[in-house]
Amino acid sequence: MTLRYLAWASGLLGKQIPIRSFQALTHSNEIQVTVIRSGLLMTTRAEIVSQYWGHQLQRARPVSWLEHKVILEFIHRRVSGDPNVSTHQWFKNSFFSEPAQLCLSLGCGFGAFERMAISIGIARKFHANDISKGAIERARQAAFEAGLADQIEYTVMNLDEAALPEDTYDAIFGLSSVHHVCNLERLFRQCRIALKPSGLMFLDEYIGPSRFQTSTEVTELINGVLGLLPDQYRRSLFTNDGTTIDRYVPSPIEHFEKHDPSEAIRSADIVSTLQNDFEIIEFRPCGGTILHMLLTGITGNFDENKEVDIALLNLLAWFEMTLEKYGMISSDFAAIVAKPKLVFPLP
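To start, this report covers the structure provided alongside it. The residue numbering used here restarts from 1 in each chain and proceeds along that chain's sequence as written. With the structure being a predicted model, the display of local features is reserved for residues of pLDDT at least 70 and the display and counting of side-chain atom pairs for 80 or more, all residues being used for whole-chain, interface and lining totals. Excluding hydrogens and water, the side-chain figures rest on all heavy atoms present in the structure.

## A few points about the overall build of the protein chain
1) Next: The secondary structure listing takes helices from DSSP runs of H or I that are at least 4 residues long and strands from runs of E that are at least 2 residues long, numbered from the N terminus. A tally of regular secondary structure across the protein chain gives 11 helices and 10 strands.
2) Next: For the protein chain, the residues scored as buried account for 53% of the 347 residues in total.
3) Next: A separation threshold of at least 6 residues defines the contact pool for the protein chain, and within that pool the share at least 24 residues apart is 77%.
4) Next: About 15600 Å² of surface is accessible on the protein chain, with carbon and sulfur atoms providing 52% of the total. Relative accessible area decides the class of each residue, using a 1.4 Å probe on protein chains only: under 20% of the type maximum gives buried, over 50% gives exposed, and in between gives partly exposed. Residues count as neighbours in contact if any of their non-hydrogen atoms are within 4.5 Å of one another. Method for areas: the Shrake-Rupley scheme with a 1.4 Å probe, in which residue coverage is limited to the protein chains shown.

## Points about the side chain of Asp 309
1) Next: Mapped onto the fold, Asp 309 is located in helix H11 (residues 307–325).
2) Next: Each residue touching Asp 309, except ones within four places of it in the same chain, is listed here: Tyr 233, Asn 301, Phe 302 and Asp 303.

## Concerning the pairing of strand S7 (residues 169–175)
1) Next: In terms of residue burial, S7 counts as a mostly covered element, since 7 of its 7 residues are buried.
2) Next: Bridge count for strand S4 (residues 100–106) against S7 is 4 bridges, and the pairing is parallel. By the bridge assignment, Ser 105 is partnered in S7 with Phe 173.
3) Next: Here, any two strands with at least 2 DSSP bridges between them count as paired. Both S7 and strand S8 (residues 195–206) contribute to a ladder of 6 bridges, which runs parallel. Note that in S8 the partner of Ala 171 across the bridge is Leu 200.
4) Next: Following the chain from S7 across helix H6 (residues 184–194) to the adjacent parallel S8, one finds a crossover that is right-handed. By convention a crossover is right-handed if, when the strands point away from the viewer, the path from the first strand over the helix to the second runs clockwise.

## What to know about the nonpolar core
1) Next: Of all hydrophobic cores here, the largest spans 60 residues; its most connected members are Phe 126, Phe 173, Leu 294 and Leu 295.
2) Next: When residues in this core are grouped by element, the largest group, 5 residues, is from helix H2 (residues 69–80).
3) Next: Excluding residues that lie within four positions of it along the chain, Phe 126 makes contacts with Leu 102, Cys 103, Leu 104, Ser 105, Phe 113, Glu 114, Ala 117, Ile 118, Gln 151, Ile 152, Glu 153 and Phe 173.
4) Next: Side-chain atoms within 4.5 Å are what join buried Ala, Val, Leu, Ile, Met, Phe, Trp, Tyr and Cys residues into a set we call a nonpolar core. The next biggest cluster of nonpolar side chains, apart from the first, holds 26 residues, and it includes Leu 102, Leu 106, Ile 172 and Ala 334.

## Quick look at the environment of His 76
1) Next: Looking at the element boundaries, His 76 is found in helix H2.
2) Next: Counting along the chain gives 210 residues from His 76 to Cys 286, while the straight-line C-alpha distance between them is 8.3 Å.
3) Next: Setting aside chain neighbours within four positions, we find His 76 in contact with Gly 81, Asp 82, Pro 83, Val 85, Ser 86 and Thr 87.

## Digging into helix H4 (residues 112–119)
Along an α-helix, residues three or four apart share an orientation, since each turn contains 3.6 residues.
1) Next: Within the sequence span of H4, burial applies to Phe 113, Glu 114, Ala 117 and Ile 118. Down the axis of H4, the buried set is contained in an arc of 130°. They therefore lie on one face.
2) Next: Those residues of H4 hidden inside the fold are in contact with helix H3 (87–95), S4, strand S5 (123–130), strand S6 (152–156) and S7.
3) Next: In the segment just after H4, Gly 121 is the residue with positive phi, at about 85°. Note that the arc is computed from the directions linking the helix axis to the C-beta atoms.

## Structural notes on the packing of aromatic side chains
1) Next: Only centres within 6.5 Å qualify two rings of Phe, Tyr or Trp (six-membered ring in Trp) as a pair; their planes then separate them into stacked at under 30 degrees, edge-to-face at over 60, and tilted for everything else. Within the structure shown, the criterion is met by 14 aromatic pairs.
2) Next: Ring centres of Tyr 233 and Phe 302 lie 4.6 Å apart, and the angle between their planes is 20°; on these two criteria the pair is classed as stacked. With Tyr 233 in the loop between helix H7 (216–228) and helix H8 (253–259) and Phe 302 in the loop between helix H10 (291–295) and H11, this pair connects stretches of sequence that are 69 residues apart. With respect to class, Tyr 233 is no different from Phe 302; both count as buried.
3) Next: Counting every residue linked through ring pairs, the aromatic cluster contains Trp 90, Phe 91, Phe 95, Phe 96, Phe 113, Phe 126, Phe 173 and Phe 202.

## A short note on unusual backbone geometry
1) Next: Of note, Phe 212 is a non-glycine position whose phi angle comes to about 55°, a positive value.
2) Next: In this structure, Phe 212 sits in the loop between S8 and H7.
3) Next: By relative accessible area, which is 2% here, Phe 212 ends up buried.

## Some details on H11
1) Next: If you check H11, its first and last C-alpha atoms are 26 Å apart, about what 19 residues at 1.5 Å a residue would give, namely 27 Å.
2) Next: If you check which residues of H11 are buried, you get Asp 309, Leu 313, Leu 316, Ala 317, Glu 320, Leu 323 and Glu 324. On an axial view of H11, the arc spanned by its buried residues comes to 120°, and they lie on one face. Residues of H11 that are exposed and point more than 90 degrees away from the buried face comprise Glu 307, Val 308 and Lys 325.
3) Next: Those residues of H11 that are buried lie in contact with H2, H7, strand S9 (278–287) and H10. To estimate how far a helix should extend, the number of its residues minus one is multiplied by 1.5 Å.

## Focus on the packing of H6 against helix H9 (residues 270–277)
1) Next: Simply put, an axis is a line fit to the C-alpha atoms, just over the touching stretch for a helix, and the angle between two N-to-C directions goes from 0 to 180 degrees. Axis separation between H6 and H9 bottoms out at 9 Å; the angle between their running directions is 40°. With respect to H9, the element H6 is oriented oblique. H9 is crossed by H6, and the crossing has right-handed handedness. Two secondary-structure elements touch here, H6 through Leu 184, Glu 185, Phe 188, Arg 189 and Arg 192 and H9 through Ile 270, Thr 273, Leu 274 and Asp 277.
2) Next: Partitioning the contact of H6 with H9 into residue classes produces 4 nonpolar, 1 polar and 4 charged. By the definition adopted for this analysis, an angle is roughly parallel if under 35 degrees, roughly antiparallel if over 145, roughly perpendicular if from 65 to 115, and oblique otherwise. Rotating anticlockwise by less than a right angle from the far helix to the near helix defines a left-handed crossing, while the corresponding clockwise rotation defines a right-handed one. Each residue is assigned to one of three groups, with Ala, Val, Leu, Ile, Met, Phe, Trp, Tyr, Cys and Pro labelled nonpolar, Asp, Glu, Lys and Arg labelled charged, and all others, Gly among them, labelled polar.

Pasting the structure below:
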């Protein structure tokens, strides 16, 4: 699953600006990255997001729970029943025995999903969009290099202002992008209109508390587990200076309003708003209520080749899933398949 990162700027670009890991502005740890745009000042949220999403970050070790092989296998098992069958492969196996003619990818980033989806037979052709001009340029180049330039059409688009063609797509995919959308009503209405009557909407998304405002109970659970982990697992991969991450404190809402107004802006409303225009036919919880914030900045400390580390991660994932099973917590991430509601014209 492709990770995205958001950044905000104060003053002229070209200076160092603070960023946070995708889907987790947590632990009060900051990474520094230099973003240069010919000395110009970016003045709007859309420009800030667009500029940064045009840069792909590389790290020696994963900092997000969704970057770890063991966690991904656990999620695959929850969704498909098989650790070796990914969420996307499960969707293809369940709903598209033959490749669809044309699909749409919302917030496509650098285009990894579209290239993979064509390779495994989800679709013959894709339209894909992203707010970042830089990301779109790199996605086009990657498609060209893969020999797929005539099968993937890329467009720069702000999903809050989406305008989609009517009755066009066999499926629409929103993968870790919809939780950055404020105007969910417009986006889902546009998606319903754009889908063919038999088309499907597939979301693989963060649907937890907006602005990552975890409840007191969940925050206590996260910190309880964090406090039990040995120091070797709590070394900060943000700072890489030997310090440990000892406590999780949700960032205040004012932090997001000031620095990053798109992050998880209405994530808690995604499912209910989707149901205005769609009927959910599959809802597969993926967890993350504890693991998302617990593992942010420390994920890479768990060695995927060490039996003890693998067992520990699986134990943590099982613990979270069991709390879900007995109704003590909900799932902050889910794979969702929905079909458009039929709308009949008034007489």
